[in-house]
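Coordinates in review
In case you want the letters, here they are:
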Amino acid sequence: MSRRLLMLCMSLLSLGGLTHCSKSPKEGGTQQAAAPTAKTEAAAKATALTIIQEQQASWIRNFNPLIAPSNARWPTRSGIYEPLMIYNTIKGEMVPWLALKHEWSPDNKTLTLTLRPGVKWSDGQPFTAKDVAFTFELLKKHKALDFSAVWAFLEGVQAKDDATVEFTLARPFVPGLLYIAHQPIVPEHKWKDIADPVIFKNETPVATGPFTEVKVFQNQIFELGRNPHYWQQGKPAVESLRFPAYPGNDQANLALLTGELDWAGSFVPDIERVFVSKDKENNHYWFPLVGNTTTLYVNTTKKPFDDVRVRKAISMAIDRDQIVKVAMYGYTKPSDATCLSETHDKWRNPEAVAAGDWTKLDVAKANALLDEAGFKRGEGGVRVGPDKKPLRFEVNVVTGWSDWVRAAQIITQNLKQIGIDATLKTYDFSPYFERIQKGEYDMSMGWTSDEPTPYYVYRDLMSSETLKPTGEIALRNWNRFSNKEADELLKAFEATNDAEEQKKIAHQLQMIFVKYAPVIPLFPGPSWGEYSTRRFTNFPNKDNPYAKLTPNSLPENLFVLVEVKPK
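Nothing here was measured: the structure is a model prediction, and the numbers come from that model. (Residues numbered from 1 in each chain as written. Predicted model: local features only at pLDDT ≥ 70, side-chain atom pairs only at ≥ 80, totals over all residues. Heavy atoms only, no water.)

**What to know about the overall build of the chain**
Within the chain, the secondary structure is distributed over 18 helices and 22 strands. The C-alpha radius of gyration of the chain comes to 24 Å, within 12% of the 24 Å expected for a compact globule of 567 residues. Projected onto the principal axes, the alpha-carbon positions of the chain cover approximately 70 × 65 × 45 Å. Buried positions account for 60% of the 567 residues belonging to the chain. Pairs at least 24 apart in sequence give 71% of the contacts found in the chain among residues at least 6 apart. Summed over its atoms, the accessible surface of the chain is roughly 22,100 Å², and 50% of this surface lies on carbon and sulfur atoms. (Helix = DSSP H or I, 4+ residues; strand = E, 2+ residues; numbered from the N terminus. Rg over C-alpha atoms; globule rule 2.2 N^0.38 Å. Buried < 20%, exposed > 50% of the residue type's maximum accessible area, 1.4 Å probe, protein only. Contact = heavy atoms within 4.5 Å. Areas by Shrake-Rupley, 256 points an atom, 1.4 Å probe, with all protein chains shown as cover.)

Now the structure itself:
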């Protein structure tokens, strides 16, 4: 470790920032082996944009855009395989991409997309409507790939000619445009002979995106080069993307401070002092509250979490003000009980906010609710249920996500006050994500949708259509909860293009969410984004807000990938 690195490390320790500078020998050895290689490579190739988005101890070569995003390397579902259109959260508009326009039939049961002419796959073959139809047929044939459950509302997909795709819907489903538009498209001529696309690793991708060439792939670093046939003339300006492996926030932040990284989407504690002040000319960040909502998931398929009184009691025991101050360094604020982030402010229902008293700290009321639910204090003050089993549970969180780890530590301490013996359990991201997707957990830190309207948030958290059995991977509805009233309202929302009617329905959905508390909201998640202009420019920021800065939002990060330029 260089003296400069050591000083930085000591400085951050004094701030409580790099709590893992003295990691376990295994973790420390991984980081120390990775960092010199990454730094040496960065110095040798200033034309490569070095990014951290995934936090992994080592890389597995997988570029399959049809599997869960965390299992394929970033940016497989944006910078390699592109969608048809992209919703820009900052501008609040749908942006044409592989498709130029869309049109609904009068009854909202037929959606027609017109594709952009002249697009080629990276092997030079033309991109056509047949590729789009083929991709959706793959999702139909292999339901494990249909993460957005599009075939719950689709009836058929047909290529009318090379540039026109027609989607026939089983019922009016206006919000379905987003699911269809954001689906990454694969080439039929390369995928038609894949025996099982669910397990296919796709190690050498052929795609339409700006970065399709795998130039280097090692377990500690990989690099992607430009697509020689990219359809946006003169873009991307960046020659290649580099991805060193970092197992957690602390290691990623250290790389950011030492100048190894050009673009990151990590939580950085006390960022003005820790990052910006080190190089005010080049070190920048932008944390708008347009992310999703950070939540505590409780597994509603397990007792006692199937009891709404227990869920609300847990929520009322949590000190959100302390979490925001200590774990989040004041970057955000406590959530209300609607579970909506700032992205959805215009949809918020004041009546629902007022009714949601269970996100306010009230330990006495939390204890009273648990008493009422039949959970009495037992040995050591730990409550027991009618079956005499103590309320002893784990709270899952990702190893190295230091902000969330601190938040979960506060939660476990809070829960002891109401007789719940909760302990923190950390996992690397992949096993953590697999557990939450399969519903194999007690309580878990997590997040909600940040898609354009509350419809998507509540479909994810309360719809029977997104509900999967325990043990089966679910891209949404990790809490395993459904509600018939919510199902009816979601269907009503799907059938209308009327903005006022949609708002009225969204207000009713908020009231149902507040009544049943299927998930425990904690705070609106900042959209983390940091960058250095030492080597590259034209990142979005508050003065040039052409898109979110964060690399964490798929597929919106594609806006940044094609706009960043070498200095």
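**Here's the deal with the packing of helix H15 (residues 454-462) against helix H16 (residues 484-494)**
Following both chains from N to C, one finds H15 and H16 inclined at 150°, their axes separated by 11 Å at the closest point. Crossing geometry of H15 relative to H16 is assigned as left-handed. Judged by residue contacts, Tyr 455, Tyr 458, Arg 459 and Met 462 of H15 engage Ala 486, Asp 487, Leu 490, Phe 493 and Glu 494 from H16. Residue classes in the contact of H15 with H16 are distributed as six nonpolar, no polar and three charged. (Axes fitted to C-alpha atoms, helices over the stretch in contact; angles between N-to-C directions. Left-handed = near helix turned anticlockwise from the far one by under 90°. Nonpolar A, V, L, I, M, F, W, Y, C, P; charged D, E, K, R; others polar.)

**Describing the side chain of Thr 466**
Here Thr 466 shows up in the loop between H15 and H16. Excluding residues within four positions of it along the chain, Thr 466 makes contact with Arg 459, Asp 460, Arg 476 and Asn 477.

**So, the sheet that holds strand S20 (residues 530-532)**
Sheet architecture is open: seven strands sit in the order S8-S9-S10-S1-S11-S20-S12, paired in mixed fashion. Because the sheet does not close on itself, it has two edges, and the strands there are strand S8 (211-217) and strand S12 (283-285). Sheet topology places strand S1 (residues 48-52) next to strand S11 (residues 263-264); two bridges connect them, and they run parallel. Bridging across to S11, Ile 51 finds its partner in Trp 263. (Pairing = 2+ DSSP bridges.)

**Examining helix H7 (residues 249-257)**
Among the nine residues in H7, nine count as buried, and that is most of the element. Along H7, the residues that are buried comprise Asn 249, Asp 250, Gln 251, Ala 252, Asn 253, Leu 254, Ala 255, Leu 256 and Leu 257. Two residues or fewer past H7, Gly 259 is found with a positive phi of approximately 85°.

**Details of helix H4 (residues 129-141)**
Compared with an ideal rise of 1.5 Å per residue, which puts 13 residues at 18 Å, H4 spans 18 Å between its outermost C-alpha atoms and is within 8% of the ideal. Listed in full, the buried residues belonging to H4 are Ala 129, Asp 131, Val 132, Ala 133, Phe 134, Thr 135, Phe 136, Leu 138 and Leu 139. Sitting at the amino-terminal end of H4 is Thr 128, which places a side-chain oxygen 3.1 Å from the backbone nitrogen of Lys 130. (Expected span 1.5 Å × (residues − 1). Polar contact = N/O pair within 3.5 Å; in protein donor to acceptor, adjacent residues only side chain to side chain.)

**Examining unusual backbone geometry**
Glycine aside, a negative phi is what most residues show, and trans is what most peptide bonds show. Along the chain, Lys 235 connects to Pro 236 via a cis peptide bond; the corresponding omega equals -5°. On the secondary structure map, Pro 236 appears in the loop between strand S9 (221-226) and strand S10 (240-244). Of note, the bond from Leu 554 into Pro 555 is cis; its omega dihedral lies within 30 degrees of zero at -5°. Mapped onto the elements, Pro 555 comes out in the loop between strand S21 (536-537) and helix H18 (557-561). Notably, Lys 388 is not glycine yet its phi reads approximately 70°, a positive angle.

**A closer look at the pattern of salt bridges**
The full count for this structure, using the stated rule, is 27 salt bridges. Asp 193 serves as the salt-bridge partner of Lys 192, at 3.3 Å between the closest nitrogen and oxygen. Each of the salt bridges in this network shares a partner with another, and the network as a whole consists of Lys 333, Asp 336, Glu 342, Asp 345 and Arg 348. (Salt bridge = Lys/Arg side-chain N within 4 Å of Asp/Glu carboxyl O.)

**What to know about the confidence of the model for the chain**
The predicted model of the chain has a mean per-residue pLDDT of 90, with 92% of residues at 70 or higher. Every residue in residues 1-45 scores below 50 in pLDDT, and together they form 55 contacts with partners more than four places removed in sequence or on other chains. (pLDDT = per-residue confidence, 0-100.)

**A closer look at the pairing of S9**
Along a regular strand, successive side chains alternate from one face of the sheet to the other. The buried fraction of S9 is high, at five of six residues. Note that S8 and S9 share five bridges and pair antiparallel. Bridge pairing links Val 216 to Glu 223 in S9. Here S8 hands over to S9 after three residues, the two strands then running antiparallel side by side. Two strands pair when backbone bridges link them, and S9 and S10 are joined in this way by five bridges, in the antiparallel orientation. Within the sheet, the bridge partner assigned to Glu 223 lies in S10 and is Arg 242.

**Notes on the sheet that holds strand S16 (residues 392-398)**
Here five strands make up an open sheet; going across it, the order is S17-S16-S18-S13-S19 and the pairing mixed. Sheet topology places strand S17 (421-427) and strand S19 (520-524) at the edges, where each strand pairs with a single neighbour. Here the average twist between neighbouring strands, direction ignored, is 25°. Pairing analysis gives five bridges linking strand S13 (residues 293-298) to strand S18 (residues 443-447), with the strands arranged antiparallel. Following the sheet pairing, Tyr 297 is matched in S18 by Ser 444.

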